[in-house]
Amino acid sequence: MNRNPIVPFILIIFLGIGLVFLLSSQGANQEEEGGGEETASEEGGEGGGEEASSGDFDAEGFARDNCASCHGQDFSGSMGPALAGTSLSEEDFTTTVREGRGSMPAFSQDQIADEDLSTLYQFFSEQ
């Protein structure tokens, strides 16, 4: 039983290249979808589109994209304090998000509208 040792290596190489292309296309699709959401948020913060922005605002998606890296994937705290079941008042929460605190960046009206920030607070309060 003399098998050619090159055939399995060639198959593995083709499989690896295929996986690279598959994962690259998935990453590109996620970036395109994320770019569209940012454009919608920016339009909502500029005036006329605010009603549309707050009507379809995805608080969990916004939190995963902007908060989870510091506050944990389940928002129970990590480098930053826990956001799930927050004990902050909505006013304190809004002030902290708008002005930032410590290493937390500030988020302007162009990044998240006031109505959407209120929705985000409700999302964290109900966790």
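Heads up: the structure comes first, above all this text.
This report concerns the structure included in the present document. Not measured: the values here are computed from a predicted model.

1. Some points on the layout of surface pockets
Space inside the second largest pocket adds up to approximately 470 Å³. Forming the walls of the second largest pocket are 24 residues, and the residues nearest its centre are H71, P81, L83, T96 and M104. Partitioning the lining of the second largest pocket into residue classes produces 15 nonpolar, 8 polar and 1 charged.

2. Section: the pattern of salt bridges
When charged atoms on two side chains of opposite charge get close, those side chains can pair. Scanning the model with the defined rule gives 2 salt bridges in all. Linking R64 and E60 is a salt bridge whose minimum nitrogen-to-oxygen distance equals 3.2 Å. Here R64 and its partner E60 are both found in helix α3 (residues 59–66), 4 residues apart, which amounts to about one turn of the helix. A salt bridge links D114 to R98; its shortest N-O distance comes to 2.7 Å. Remark: R98 occurs in helix α5 (residues 90–99) and D114 occurs in helix α6 (residues 114–125); sequence separation between them is 16 residues. A relative accessible area of 42% places D114 in the partly exposed class.

3. Details of the side chain of T96
Looking at where T96 falls in the secondary structure, it is placed in helix α5. Looking at T96, the relative accessible area reads 11%, which means it is buried. In terms of polar contacts, T96 uses its side chain to reach the backbone carbonyl oxygen of D92, at 2.9 Å.

Scoring rules and cut-offs
Residues numbered from 1 in each chain as written. Predicted model: local features only at pLDDT ≥ 70, side-chain atom pairs only at ≥ 80, totals over all residues. Heavy atoms only, no water. 1 Å grid on protein atoms, 1.4 Å probe; cavity = no way out; pocket = protein on both sides within 12 Å on 5 of 7 lines; lining within 4 Å. Points joined across faces, edges and corners; volume = space filled by probe spheres on them. Nonpolar A, V, L, I, M, F, W, Y, C, P; charged D, E, K, R; others polar. Salt bridge = Lys/Arg side-chain N within 4 Å of Asp/Glu carboxyl O. Helix = DSSP H or I, 4+ residues; strand = E, 2+ residues; numbered from the N terminus. Buried < 20%, exposed > 50% of the residue type's maximum accessible area, 1.4 Å probe, protein only. Polar contact = N/O pair within 3.5 Å; in protein donor to acceptor, adjacent residues only side chain to side chain.

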